[in-house]
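Analysis of the macromolecular model
Listed here are the chains, written in short residue letters.
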Amino acid sequence: MRLTVLGGCGAWPTASEACSGYLVEHEGFRLLVDPGYAVFPRLLRYGTAEAVDAVLVSHGHPDHCADLHPLLRARALSDAPPAPLPLHAPHGALDAVLALDRPDMLAGAYRRHDFTPGDRFEVGPFTVSTRLLPHHVPNAGLRIATPDAVLVHTGDTGPGDAVPRLADSADIFLCEATYVHRVPEADAPYLLTADLAGHYAAQAGVARLLLTHLWPGTDPSLSHAAAAERFAGPLTVASPDLTLDVGTAAVGHGPRRPA
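Everything numeric here is computed off the predicted structure, so don't read it as measured data. (Residues numbered from 1 in each chain as written. Predicted model: local features only at pLDDT ≥ 70, side-chain atom pairs only at ≥ 80, totals over all residues. Heavy atoms only, no water.)

Comments concerning the pairing of strand E4 (residues 29-33)
For the record, the criterion: Here's how the labels work: a residue is buried when its accessible area is under 20% of the maximum for its type, exposed when over 50%, partly exposed in between, all with a 1.4 Å probe on protein chains only. Under the scheme used here, helices are H or I runs from DSSP no shorter than 4 residues and strands are E runs no shorter than 2 residues, and both carry numbers assigned from the N terminus. In short, DSSP must find at least two bridges between two strands for them to pair.
Summarising burial for E4: 5 of the 5 residues are buried, a large majority. Judged by which residues are buried, E4 turns out to be covered on both faces: Phe29, Leu31 and Val33 on one side and Arg30 and Leu32 on the other are all buried. By the bridge criterion, 5 bridges tie strand E3 (residues 21-26) to E4 in an arrangement that is antiparallel. Along E4, the bridge assignment pairs His26 with Phe29. Hairpin geometry of E3 and E4 is characterised by an intervening segment of 2 residues between the two adjacent antiparallel strands and by a positive phi of about 50° at Glu27. Note that E4 and strand E5 (residues 54-56) share 3 bridges and pair parallel. Bridge pairing links Leu31 to Ala54 in E5.

Here it is as structure tokens:
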């Protein structure tokens, strides 16, 4: 399994970084996870819109799903539209983004597979186990597995014992870390810090921690240092074009030749 970071910025994109977006590949299958703001142009550095085999979304906030819309437009309006794209998301999470066009324009471009957090299902070669994690809207923590590798993505989440349980012994723990040490009081039940991400990674015994969803303008070195106070294992801050071979955690940077 290979993970490529397309973006890891929280809330809104910056001039240099897209919001949450991750390409997960195994046995030639390309799964796009959380296509947030500005992810689609990044995706095109790695292949065409038609090359995506399925989309998996943790929750319905636009910094995690807004760029599903240009992806579907590119497929629906191409000269030779591909087969409908399977969309896996919590019930209702994609209603707003799918309503941006008149229904008949995109109707043949996708096939919905809504799920309830807690469900388990197959997507291509992946087994996806989900768990409800606390956020402002229903959010599914995602455990994406093959027989040889496990990638866990929190989506956005507040603190709780469910986080380390989801991440138990994962090869890569892709954990939201919006703030460094303290979440503003109003959002404290719904978001994490780098400090807590490190704590949960240590609790779960993960092989590698990958911090993501940093608040725009946050110094990544501060987040890295905060997490490293709690977690002694390999630790990285998500950055555009970072690639990791899940299971071996080999690291690379830079776009590969488009498929």
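Section: the nonpolar core
Quick note on the threshold: We define the nonpolar core as a collection of buried residues of types Ala, Val, Leu, Ile, Met, Phe, Trp, Tyr and Cys that are connected through side-chain atoms lying within 4.5 Å of one another. Two residues form a contact once any of their heavy atoms are found within 4.5 Å.
In terms of nonpolar packing, the biggest core is built from 28 residues, with Val152, Phe173, Val206, Leu209 and Leu211 touching the most fellow members. Those elements that provide at least two residues to this core are strand E11 (149-153), helix H6 (162-167), strand E12 (172-176), helix H7 (194-204), strand E13 (209-212), helix H8 (220-228) and strand E14 (235-237). Per-element tally for this core: the top contributor is H7, with 5 residues. Contact partners of Val206, with chain neighbours within four places excluded, come to Ala167, Ala170, Phe173, Ala201 and Phe231. Residues Leu56, Phe121, Phe126 and Ala149 belong to the second largest nonpolar core, which totals 27 residues.

So, the packing of aromatic side chains
Using the following cut-off: Between rings of Phe, Tyr and Trp, where Trp is taken as its six-membered ring, a pair exists when centres lie within 6.5 Å; planes separated by under 30 degrees are stacked, by over 60 edge-to-face, and by other angles tilted.
Within the structure shown, the criterion is met by 4 aromatic pairs. Seen in terms of ring centroids, Trp12 and Trp215 are 5.3 Å apart; in terms of plane orientation they differ by 80°. Their pairing is edge-to-face. Residue Trp12 is located in the loop between strand E1 (2-9) and strand E2 (18-19), and its partner Trp215 is located in the loop between E13 and H8; the two are separated by 203 residues in the primary sequence. Classification of Trp12 by relative accessible area gives partly exposed; the value is 43%. Residue Trp215 is classed as partly exposed on the basis of its relative accessible area of 34%.

Points about the sheet that holds E14
Cut-off, in case you're wondering: Axis geometry follows a simple rule: fit a line to the C-alpha atoms, using only the stretch in contact for helices, then measure angles between N-to-C directions, giving values from 0 to 180 degrees.
Sheet architecture is open: 7 strands sit in the order E8-E9-E10-E11-E12-E13-E14, paired in mixed fashion. A single partner strand is all that each edge strand has here, and the edge strands are strand E8 (120-123) and E14. With direction set aside, neighbouring strand axes in the sheet form an average angle of 20°. As paired elements, E11 and E12 share 3 bridges and run parallel to each other. Bridge pairing links Val152 to Phe173 in E12. Contacts from H8 reach E13 and E14, with the element oriented near 155° to E14.

What about the pattern of salt bridges?
This is how it is decided: Here a salt bridge means any side-chain nitrogen of Lys or Arg lying within 4 Å of a carboxyl oxygen belonging to Asp or Glu.
Scanning the model with the defined rule gives 9 salt bridges in all. Note that Asp101 is salt-bridged to Arg73, the shortest N-O span being 2.8 Å. Taken together, the positions of Asp101 in the loop between helix H4 (95-98) and helix H5 (103-106) and Arg73 in helix H3 (residues 68-76) put the pair 28 residues apart, joining distant regions of the chain. Residue Asp101 is classed as buried on the basis of its relative accessible area of 12%. Three or more residues are tied together by salt bridges with common partners; here these are Arg42, Arg45 and Asp241.

A short note on the confidence of the model for the protein
As a reminder of what qualifies: Note on scores: pLDDT gives the predictor's confidence for each residue, bounded by 0 and 100.
Residues at a pLDDT of 70 or more form 95% of the protein, whose mean pLDDT is 95. Segment residues 253-259 is flagged for pLDDT under 50; beyond a separation of four residues in sequence, or across chains, it makes 23 contacts in the model.

Observations regarding the side chain of Thr130
Just so we agree on the cut-off: Identification of polar contacts relies on pairs of N or O atoms within 3.5 Å, with a donor-acceptor requirement for protein atoms, meaning one able to donate a hydrogen and the other able to accept it, and with residues adjacent in sequence counted only if both atoms are side-chain atoms.
Mapped onto the fold, Thr130 is located in strand E9 (residues 126-133). At 2.8 Å, the side chain of Thr130 forms a polar contact with the backbone nitrogen of Gly118. Looking at Thr130, its side chain comes within polar contact range of the main-chain oxygen of Asp119, at 2.7 Å.

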